[in-house]
There are 2 protein chains.
Amino acid sequence: MRDKLLERKSGVALWRQIADMIRSDIASGAAGADGKLPSEMKLAERYRVNRHTVRSAIASLEQEGVLRSEQGRGTFVRRRKRLSYPITRRTRFSAGLGNQAGSTSTRMLESHEEPASETVADALGISAGDPAIRLETISDADGVPVSRATSWFDATRFADIRKTFEEHASITRALASCGVRDYMRRSTVVEARHASAEDIELLGLSAGAIVLVTRAINVDAEGKPVHYSETRFAADRVELKIDNDDQTAPTSARSDKGPLEPGRHRP
Amino acid sequence: MRDKLLERKSGVALWRQIADMIRSDIASGAAGADGKLPSEMKLAERYRVNRHTVRSAIASLEQEGVLRSEQGRGTFVRRRKRLSYPITRRTRFSAGLGNQAGSTSTRMLESHEEPASETVADALGISAGDPAIRLETISDADGVPVSRATSWFDATRFADIRKTFEEHASITRALASCGVRDYMRRSTVVEARHASAEDIELLGLSAGAIVLVTRAINVDAEGKPVHYSETRFAADRVELKIDNDDQTAPTSARSDKGPLEPGRHRP
DNA sequence: ACAGATTTGTGCGTATGTATG
DNA sequence: CCATACATACGCACAAATCTG
């Protein structure tokens, strides 16, 4: 809420700039602490625009489900707390959000075998052009889409991954069915960009929305890559939390320890 | 480069949507691999717009310094690789980017003492309303602004932090001057949002640009918080790399090792 | 119950920006 | 460069719903 300067003829409509500001003010807790937004007139003065322009911004946020206006009463924030998604050695979708959402689910959109690109091959420790299986999934928390992931597996080792995922609706359990008793995250790269039209459609975002993108490599107990993923999180619904003190069994110091037994995992 | 669908009346002009796509395609390496963009006519066909519209997009990217057009030859990418900023227990700005950029620098914009907000107090382990020192900095790599940070320190313990930062132009060295021989990152929260007008101005971004935001807590050898920061990275210039296998001396096991000397930091 | 103030909803005319051909 | 169409932004006015004294 610190700044109110808008840019004209910047290629971004004023109403959209205002909508973006209000949305991020809400997400950061700076606006509508009491659930009520300032009146349209006050907002118009603050941003130094016409009331119509503020109304366009509000209309767009109503469409998104962020705000709700009532004639004669005011404009109110629809409460929606941002989820905190932990990035640890033991990153798991359901377990990570389990305590913040009532229900979580992941479903498959599509799956195909395809030759591995340079990037994918590098991540999975195979050769470019080797067969890989691509798995497109989307994940919900409390019925709201949260993230969309593209996963790749070594087709030689995980020929059945599509079938086992369909059975279990979980990558962790699908890998377990394929003989991977446990896996750990080796590295995560985070970037942010505008959502593609496809992600806007599937995640139910609005034009110009932002996605947090993670590219992750998961390895088995022997340190061999089993799963490479690119996940797009709706940036206005999720933040990533990195525990730099993460003390869960490190992969590199574990070869002398043998594989982890089920049940040793932290809750 | 997967998607080419543009949205009309989305509040974002077509030329800007196209400019955003081209910019992110360049950042992700999907476009202009050979340094040359497709011709304006080809781009117009791909995005299904008039050539005028493509030209507006290109003009805007030329202004930004991303592209360079030459009459009769074509449009070329000005090389600018995305920096990879490591998030580890031992996160340090200069050391982290040192091998990717020729020079890095951090300078102070402003500093004030102010009562700690709830969030800041919680992070620093003090009480809300206790005096805190806020330090606004901006960091460059090879002369290009990369990130803008707001840091907070316990004013009781680090009364001189402003002066020592001015002397050393580095938070690590400023803290060292205040008796903190070493510090470690405890946690990092990552989110993404549209850049504020102020950050657009100071980081030299374009309207509608995205910033990656990290909120980090750094602790001393005894595990006591010494530094809380909120850093905004220009999302089209930087990605964050998390090494989930990070084996740098964990804070919990480091009191017996003594402080690190300058230059001992890993490359 | 009432009047007046506040707030959102709606209509219309006009000027400028954006996109096409 | 022009003509055309539509989206955006503004200013003013007034209606409808709600709150306050």
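Under an unreviewed UniProt entry, the name given to chain A is Phosphonate metabolism transcriptional regulator PhnF, and the organism recorded is Oricola thermophila.

J.: Describe the protein's contact with DNA strand D, listing the residues and the values that go with them.
T.: Residues and elements named next belong to chain A. Neighbouring residues of DNA strand D: 15 residues in total, closest Leu14, Trp15, Asn50, His52 and Thr53. Restricting the count to atoms of DNA strand D within 4 Å of the protein gives a sugar and phosphate share of 74%. Note that a phosphate oxygen of DNA strand D is positioned 3.3 Å from one of the backbone N or O atoms of Trp15. Here Thr53 contributes a side-chain N or O atom positioned 2.4 Å from a phosphate oxygen of DNA strand D. When residues of the surface near DNA strand D are traced back to their parent elements, those giving at least two are α1 (14–27) and α3 (51–64). Sorting elements by how many residues they give to the surface near DNA strand D places α3 first, with three residues. Broken down by class, the residue content of the surface near DNA strand D amounts to four nonpolar, seven polar and four charged.

J.: Any chance you could break down empty space enclosed by the protein for me, citing the residues and the numbers?
T.: In the structure shown here, the tally under the stated rule is two cavities of 30 Å³ or more. Considering only enclosed or pocket space, the largest cavity measures out at about 160 Å³ in volume. Lining the largest cavity are 14 residues; nearest its centre among them are Arg23, Ile210 and Asp236 of chain A together with Ala192 and His194 of chain B. Every element with two or more residues in the lining of the largest cavity is listed here: α1 of chain A together with β7 (183–194) of chain B.

J.: So what about the protein's contact with DNA strand C? Which residues, and what values?
T.: Around DNA strand C lies a shell of 19 residues, among which Arg51 and His52 of chain A together with Leu14, Trp15 and Thr53 of chain B are the nearest. Restricting attention to atoms of DNA strand C within 4 Å of the protein, one finds that 63% of them are sugar or phosphate atoms. Take Glu40 of chain A: an N or O atom from its main chain is 2.8 Å from a phosphate oxygen of DNA strand C. Within the contact set of DNA strand C, a sugar or linking oxygen lies 2.9 Å away from a side-chain nitrogen or oxygen of Gln71 of chain A. Those elements that provide at least two residues to the surface near DNA strand C are α3, β1 (67–70) and β2 (74–77) of chain A together with α1 (14–27) and α3 (51–64) of chain B. For the surface near DNA strand C, the leading source of residues is α3 of chain A, giving three residues. In the surface near DNA strand C, the residues fall into four nonpolar, ten polar and five charged.

J.: Which residues make up the nonpolar core, and what are the values?
T.: Grouped together as the largest cluster of nonpolar side chains are 34 residues, with contacts concentrated most on Leu240 of chain A together with Leu240 of chain B. Apart from the residues lying within four places of it in its own chain, the contact partners of Leu240 of chain B are Thr188, Val189 and Val190 of chain A together with Tyr85, Ile87, Val190, Leu212, Thr214 and Phe233 of chain B.

J.: Describe the pattern of salt bridges, with residues and values.
T.: Residue and element names in this part refer to chain B. Applying the stated criterion across every chain yields a total of 50 salt bridges over all chains. Between Glu191 and Arg215 there is a salt bridge, and its shortest N-O distance comes to 2.7 Å. With Glu191 in strand β7 and Arg215 in strand β8 (residues 210–220), this residue pair connects regions lying 24 residues apart in the sequence. For Arg215, a relative accessible area of 22% puts it in the partly exposed group.

J.: Could you give me a rundown of the pairing of β1 of chain A, with the residues and numbers involved?
T.: All names here are of chain A. Sheet topology note: the β1/β2 ladder contains four bridges and is antiparallel. The residue bridging Glu70 from the neighbouring strand is Gly74, located in β2. With antiparallel pairing between neighbouring strands as the criterion, β1 and β2 make up a hairpin whose turn holds three residues, including Gly72 at a positive phi of roughly 85°.

About the criteria used
- Residues numbered from 1 in each chain as written.
- Chains lettered and ligands numbered in written order.
- Predicted model: local features only at pLDDT ≥ 70, side-chain atom pairs only at ≥ 80, totals over all residues.
- Heavy atoms only, no water.
- Near = heavy atom within 4 Å.
- Polar contact = N/O pair within 3.5 Å; in protein donor to acceptor, adjacent residues only side chain to side chain.
- Helix = DSSP H or I, 4+ residues; strand = E, 2+ residues; numbered from the N terminus.
- Nonpolar A, V, L, I, M, F, W, Y, C, P; charged D, E, K, R; others polar.
- 1 Å grid on protein atoms, 1.4 Å probe; cavity = no way out; pocket = protein on both sides within 12 Å on 5 of 7 lines; lining within 4 Å.
- Points joined across faces, edges and corners; volume = space filled by probe spheres on them.
- Core = buried A, V, L, I, M, F, W, Y, C linked by side-chain atoms within 4.5 Å.
- Buried < 20%, exposed > 50% of the residue type's maximum accessible area, 1.4 Å probe, protein only.
- Contact = heavy atoms within 4.5 Å.
- Salt bridge = Lys/Arg side-chain N within 4 Å of Asp/Glu carboxyl O.
- Pairing = 2+ DSSP bridges.

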